[in-house]
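Chain by chain, the residues run as shown.
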Protein chains: 2
Amino acid sequence: MKELIEKYREIGFKLTPQRLAILRFLKGNTSHPTAENIYRQIKEVYPTVSFATVYNTLQALVDRGEVTEVTIDSQKRHFDPYPKPHHHIICIECNKIGDVFKDYSDALKLPKNILKEFKPVRNHINFYGICRECQKIGGIKYGNMSKSRAGCREF
Amino acid sequence: MKELIEKYREIGFKLTPQRLAILRFLKGNTSHPTAENIYRQIKEVYPTVSFATVYNTLQALVDRGEVTEVTIDSQKRHFDPYPKPHHHIICIECNKIGDVFKDYSDALKLPKNILKEFKPVRNHINFYGICRECQKIGGIKYGNMSKSRAGCREF
DNA sequence: TACAAATTTAGAATTATTATTATTTAAAAA
DNA sequence: TTTTTAAATAATAATAATTCTAAATTTGTA
């Protein structure tokens, strides 16, 4: 944990116990938590922690490139603490998210008309599919899956 | 416009003047409007139109696969009325969105471990880059670009 | 230790979206 | 054409996620 502390001090990140708790929670985490997910966790250790602190810290981490934002959900922001670039696959039935560790950049040449307008920087792929649990359940469709579908974890 | 009317009746879509106005606005539209963008437009023709109608109609169109949702913005939903599958490129400075009409599917083979867990259905790529106007402006960074940056349209 | 700047908290405010309900209307039936 | 009825509309309230505010506290440094 010492490297963590050093590292963040270096980038001008003032370390408070709350922030440290958030960093601990995020370190090595391969889920895609929302601010609320994090807030609940931190509250176990710091019962007085506020949402503002969670949002502030997340924003600071995003600004510093230490955490990215996953654009999969139009309802709420999901954060991705895993540092290496990767893509995602989302179950269209239950919204479960998986990480896809493969670099497709070589295959992703942009058309000329786009290259005239944009200087490319990076790319991110959302794959959509049906997870094993939802394949088992079969073709039944629910109105709002992510809330209730058995067998699939919330994302 | 007649085909539009027939088409939507066929799929069990009750046609009201408000909906027709929304359909007219969306037809051939290559922008990525929010519900509010659409609401403002429709209000010019139907000053009493309500947000609920806009959302209801959009949801009905999304459910029927006539309109898709673009996952680029965690603040609000953006809709994409252009019917053919395509990808997007987003300017990381001003948030301008461009359409990328190229099918990369052949190159996007998923790793085996993912294929064990998910049956793939489709994919969508977000390219990120810097648009020509923002390249001109150069390295200056603003806190919230999309609101003010000159030369770049709002997305 | 003392200080300045940054951070925290609680709560209010804001914004996007969804839900509610009485009224109206489109489209099918008579 | 008129009647019927199921669905859609509009106004408004409700909800949920996120941001803002301001006073109190804390961090890292001098």
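As a starting point, this report considers the structure included with it. (Residues numbered from 1 in each chain as written. Chains lettered and ligands numbered in written order. Predicted model: local features only at pLDDT ≥ 70, side-chain atom pairs only at ≥ 80, totals over all residues. Heavy atoms only, no water.)

In the region of DNA strand C, 19 residues are neighbours, and A:Thr16, A:Gln18, A:Thr53, B:Tyr55 and B:Arg77 sit closest. If you look at DNA strand C and keep only atoms within 4 Å of the protein, 84% of those are sugar or phosphate atoms. Here a phosphate oxygen of DNA strand C and a side-chain polar atom of A:Arg19 are 3.0 Å apart. A distance of 3.2 Å separates a phosphate oxygen of DNA strand C from a polar atom in the backbone of A:Ser50. Looking at the surface near DNA strand C, the elements with two or more residues in it are helix H2 (17-26) and helix H4 (51-63) of chain A together with helix H4 (51-63) of chain B. With three residues, H4(A) is the single largest residue contributor to the surface near DNA strand C. Looking at the surface near DNA strand C residue by residue, the classes come out as six nonpolar, seven polar and six charged. (Near = heavy atom within 4 Å. Polar contact = N/O pair within 3.5 Å; in protein donor to acceptor, adjacent residues only side chain to side chain. Helix = DSSP H or I, 4+ residues; strand = E, 2+ residues; numbered from the N terminus. Nonpolar A, V, L, I, M, F, W, Y, C, P; charged D, E, K, R; others polar.)

Residue position: A:Lys96 is located in the loop between strand S3 (87-91) and strand S4 (97-100). Once the C-alpha coordinates of A:Lys96 and A:His32 are considered, the two residues, 64 residues apart in sequence, prove to be 9.8 Å apart.

Residue and element names in this part refer to chain A. For asparagine 95, which is not glycine, the phi dihedral falls at a positive 70 degrees. Looking at where asparagine 95 falls in the secondary structure, it is placed in the loop between S3 and S4. Residue class for asparagine 95 comes out partly exposed when judged on its relative accessible area of 25%. (Buried < 20%, exposed > 50% of the residue type's maximum accessible area, 1.4 Å probe, protein only.)

All right, on to the relation of the copies chain A and chain B then. Least-squares fitting of chain A to chain B yields an RMSD of 0.1 Å, with the superposition described by an axial translation of 0.0 Å and a rotation of 179 degrees. Each copy turns onto its partner about a two-fold axis. Identified as the residue of chain A closest to the rotation axis by C-alpha distance is A:Ile125, at 2.2 Å. (Least-squares fit on C-alpha atoms with pLDDT ≥ 70 in both.)

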